[in-house]
Amino acid sequence: MRPARYRRVASDDRAGDGPTASESLESPLCSFDESGFFQQLVANTSEGLLTVDEESTIVFANPAIEDILGYSPAALIGSSKMTVIPERLESAHADGLETYLRTGERQIDWDGIELPAVHEDGHEVPVLVSIREHTHEGQRLFTGLFRDISDRKARERRFEAVFDNTYQFTGLLEPDGTILEVNETALSFGDLELDDVVGEPVWETAWFQLRDAARETAIEGVERARQGELFRDELRVQGADRTALIDFSIRPITDRNGEIQLLVSEGRDVTALKLRERHLRVLHRLLRHNLRNDLNIINGFAETLRSAVENDTHREYAAEIAATSSALIDTTETAKQLADATLDEERTRTAIDVRDILETVVADLRTQYPASSITVSESVDATIAADSRLNTVLEEVIQNAIVHAEDSDPTVEISVSNVDADTVGVRVFDTGPGIPASDRTGIFNDEQITQVRHGNGLGLWLASLIVDDYGGDLDYEPRSDGTGSCVTVCLPRAQFP
């Protein structure tokens, strides 16, 4: 990847143009020995200085050159400038000086050019060199100012490694939308070369020619980003052999004064994600309407049969059908909530005190399960950013502890405490047999669901999905006294400005 092109402020100082160096540096405030002053200045500058004559012989080197290239000034003075030039570039340097001496034509930018220089130990050092011509005692001389840019080049290499290896389409733009750089992911998608797009307005490139809407979205994105906004939208772009739906964004990059210097465009390919979402919506409708309606019909006929038949065995069969269909109807409701939690992106979160929601949920569950004992033993201030789904989380976790207890009068203890300074924990202790390892797969750990290892219910999956969306997690552990287990709902505290 080529480095971004940045404008340089060029110096117009040339030999014989305007005042001499000593005249332009004269101080009206104090007098000093000019020779001694400039000797100290040159000796103490952090930039390396090398002066060569018309034969490319080094006639001067300052102490800083040793910090950059390892050579002492004494080791360089009297030697050829080729000492510090890589062998592969020697002829180019020689030809460049010869051409300039003969024609006055410069082959490189004297105001600043990045070049490799040879260190005393043999490795190459990237340096930024600027050159000036001057005369001394009738001798024509050329002085190069060397600045070590190793750290900067290392940062550039790290940036390029990240820039080119990200899976997202990424580009750097001028504030007017002109492309400066594009990463390999975007170029490969369009089977393009960097030269095909650099210097072009982003909306005029091949990616955005599929539909007018794509071009218009890119234009709008640039316009809003250059006004300081983050722009984000979905659009379809054209590749070499396929199209892709991307999550497209453009954001401004400002300097320390708040002035916009660059725009960063990004595109995340969400084609497969959107396809899965569409399939999920179809399943959602199937569960919500077709399957649920059919189960209600089965349940109704089963209840009718149970009332109508006189044979005890047949009545038991009908009752079993009614109970099973009722359980499946409840499962479809949980599945519907699971789909809603996944597909609904319009929920607004507010600051909610967990204790208020917990009080409501516990009261409802005491009514549903009057034989159970549900107590809240400890409670701390616990305000989080959440929505109505928090009721579902707490209900599923507490109800799970009740219905899976081995006793007919289960005991559940709940505490609201601090996990750490930023996290609240709602701990639900039960006296049951614990959650089987198969039911914990993928919910309380990162194990993959398989045909053998998977849960039978959707309630904890639903709770886990919602908590994960809140930025929290579910934790499970057996009780220390061996009398049950504990599920902890970990939720991040609400952060207020």
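Since we're looking at a predicted model, the values are computed, not measured.

Quick look at the overall build of the protein
- Helices and strands together make up the secondary structure of the protein, namely 15 helices and 17 strands.
- Taking the contacts inside the protein whose residues are at least 6 apart along the sequence as the reference set, 53% of them involve residues at least 24 apart.

Side note on the nonpolar core
- One finds Val354, Leu390, Leu394, Ile398, Ile414, Val489 and Leu491 to be the most contacted residues of the largest nonpolar core, which totals 36 residues.
- Listing elements by their share of this core, those giving two or more residues are helix H12 (354-368), strand S13 (383-386), helix H13 (389-403), strand S14 (411-420), strand S15 (423-430), helix H15 (459-470), strand S16 (473-478) and strand S17 (485-492).
- The residues touching Leu394, leaving out its near neighbours within four places in the chain, are Val354, Ile357, Leu358, Val361 and Val426.
- Judged by nonpolar contacts, the second largest core, of 26 residues, contains Val202, Ala218, Ala244 and Phe248.

Considering the sheet that holds strand S4 (residues 124-136)
- Spatially, S2-S1-S5-S4-S3 is the arrangement adopted by the five strands of the open sheet, whose pairing is antiparallel. Strands with a single pairing partner mark the edges of an open sheet, and in this sheet they are strand S2 (58-61) and strand S3 (113-118). Taking the axes of each pair of neighbouring strands and ignoring which way they run, one obtains an average angle of 35° across the sheet.
- One ladder, built from six bridges, connects S3 with S4; its direction is antiparallel. Counterpart to Ile113 in the pairing with S4 is Val129.

Details of a negative patch on the surface
- Taken together, the side chains of Glu184, Asp191, Glu193, Asp196 and Asp241 present a region of like negative charge at the surface.
- If you trace the backbone, Asp196 turns up in helix H8 (residues 194-197).
- The partly exposed category is assigned to Asp196, whose relative accessible area is 45%.

Thoughts on the pairing of strand S10 (residues 260-269)
- As paired strands, strand S6 (residues 169-173) and S10 are joined by five bridges and run antiparallel to one another. Residue pairing across strands places Leu172 opposite Val264, the latter belonging to S10.
- Direction of pairing for strand S9 (residues 243-254) relative to S10: antiparallel, over a ladder of nine bridges. Across the sheet, the residue bridging to Pro252 is Leu263, located in S10.
- Taking the residues that link successive antiparallel strands as the turn, the S9-S10 hairpin has five residues, and the phi of Gly258 there is positive, at about 85°.

Some thoughts on the pairing of strand S5 (residues 139-148)
- Sheet topology note: the strand S1 (residues 48-53)/S5 ladder contains six bridges and is antiparallel. Within S5, the position partnered with Leu49 by the bridge is Leu145.
- Pairing analysis gives 10 bridges linking S4 to S5, with the strands arranged antiparallel. Within the sheet, the bridge partner assigned to His134 lies in S5 and is Leu141.

Examining empty space enclosed by the protein
- Under the criterion given, the structure shown has two cavities of 30 Å³ or more.
- In this structure, the largest cavity occupies an estimated 190 Å³ of space.
- Lining the largest cavity are 18 residues, and of these Phe169, Ala186, Trp207, Phe208 and Ser265 lie nearest its centre.
- Mapped by element, the contributors of at least two residues to the lining of the largest cavity are S6, strand S7 (179-182), helix H7 (184-190), S9 and S10.

What to know about the packing of H13 against H15
- Between H13 and H15, whose axes approach to 9 Å, the crossing angle comes to 140°. Overall, the two elements H13 and H15 adopt an arrangement that is oblique. Taken as a pair, H13 and H15 cross one another with a handedness that is left-handed. Here H13 contributes Arg389, Leu390, Thr392, Val393, Glu396, Val397 and Asn400 to the contact with H15, which in turn contributes Gly459, Leu460, Leu462, Ala463, Ile466, Val467, Asp469 and Tyr470.
- Across the contact of H13 with H15, the residue classes break down as nine nonpolar, three polar and three charged.

Quick word on the confidence of the model for the protein
- When the pLDDT values of the protein are averaged, the result is 82; 82% of them are 70 or greater.
- Overall, residues 1-25 carries pLDDT values under 50, and its contacts beyond four positions in sequence, including any with other chains, amount to 29 contacts.
- Predicted confidence is poor over residues 449-456, with pLDDT under 50, and the contacts of this stretch with residues over four places away or in other chains come to 13 contacts.

A few points about the sheet that holds S16
- Read across the open sheet, the five strands follow the order S12-S14-S15-S17-S16; overall the sheet is mixed. Whereas interior strands pair on both sides, the edge strands pair on one side only; in this sheet they are strand S12 (373-379) and S16. Averaged over neighbouring strand pairs, the angle between their axes works out to 20° when direction is ignored.
- Helix-sheet contacts for H13 involve S12, S14, S15 and S17, and the interaxial angle to S15 is about 25°.

Examining H12
- Along its 15 residues, H12 runs 21 Å from first to last C-alpha, staying within 8% of the 21 Å computed at 1.5 Å per residue.
- Looking at H12, one finds that the buried residues are Val354, Ile357, Leu358, Val361, Val362 and Leu365. Buried residues of H12 fall within an arc of 130° about the axis and therefore sit on the same side. Set apart from the buried face of H12 by more than 90 degrees, the exposed residues are Glu359 and Thr367.

Conventions used here
Sequence order as written defines residue numbering, which begins from 1 separately in each chain. Where totals are concerned, whole chains, interfaces and linings use all residues; where local detail is concerned, this predicted model gives features only for residues with pLDDT of at least 70, and gives and counts side-chain atom pairs only at 80 or more. Working from all heavy atoms in the structure, the side-chain values ignore hydrogens and water. Each helix corresponds to a stretch of at least 4 residues labelled H or I by DSSP, and each strand to a stretch of at least 2 residues labelled E; elements are numbered beginning at the N terminus. Whether two residues are in contact is decided by their heavy atoms, any of which lying within 4.5 Å being enough. Put simply, buried Ala, Val, Leu, Ile, Met, Phe, Trp, Tyr and Cys residues joined by side-chain atoms within 4.5 Å make one nonpolar core. Residue burial is assigned from relative accessible area. The probe radius is 1.4 Å, only protein chains are included, and a residue is buried under 20% of its type maximum, exposed over 50%, and partly exposed in between. In this scheme, strands are said to pair when DSSP sees at least two bridges between them. Helix axes use the C-alpha atoms of the stretch in contact, all axes being lines fitted to C-alpha atoms, and the angles between their N-to-C directions lie in the range 0 to 180 degrees. Patches were defined on residues exceeding 30% relative accessible area and lacking a salt bridge, with like-charge contacts within 9 Å and nonpolar side-chain contacts (Val, Leu, Ile, Met, Phe, Trp, Tyr) within 5 Å. Each accessible area value is a Shrake-Rupley result obtained with a 1.4 Å probe; residue values ignore everything except the protein chains displayed when judging cover. One side-chain nitrogen of Lys or Arg within 4 Å of one carboxyl oxygen of Asp or Glu is enough to make a salt bridge. For the charge count, each Lys or Arg is scored as positive and each Asp or Glu as negative, with His and the chain ends excluded. Charge positions are represented by NZ for Lys, CZ for Arg, CG for Asp and CD for Glu. The pocket and cavity definitions rest on a 1 Å grid over protein atoms only: a 1.4 Å probe that fits but cannot leave marks a cavity, an open set with protein on both sides within 12 Å along at least five of seven lines marks a pocket, and residues lining either have an atom within 4 Å of a point. Grid points are joined across faces, edges and corners, and a volume is the space filled by probe spheres set on the points. Roughly parallel refers to an angle under 35 degrees, roughly antiparallel to one over 145, roughly perpendicular to one between 65 and 115, and oblique to any angle outside these ranges. Crossing handedness is read from the near helix: turned anticlockwise from the far helix by less than a right angle, it gives a left-handed crossing, and turned clockwise, a right-handed one. In this classification, Asp, Glu, Lys and Arg are treated as charged, Ala, Val, Leu, Ile, Met, Phe, Trp, Tyr, Cys and Pro as nonpolar, and every other residue, Gly included, as polar. Per-residue confidence from the prediction method is given by pLDDT, with values spanning 0 to 100. How far a helix is expected to stretch is found by multiplying one less than its residue total by 1.5 Å. To obtain the arc, one takes the directions from the helix axis to the C-beta atoms.

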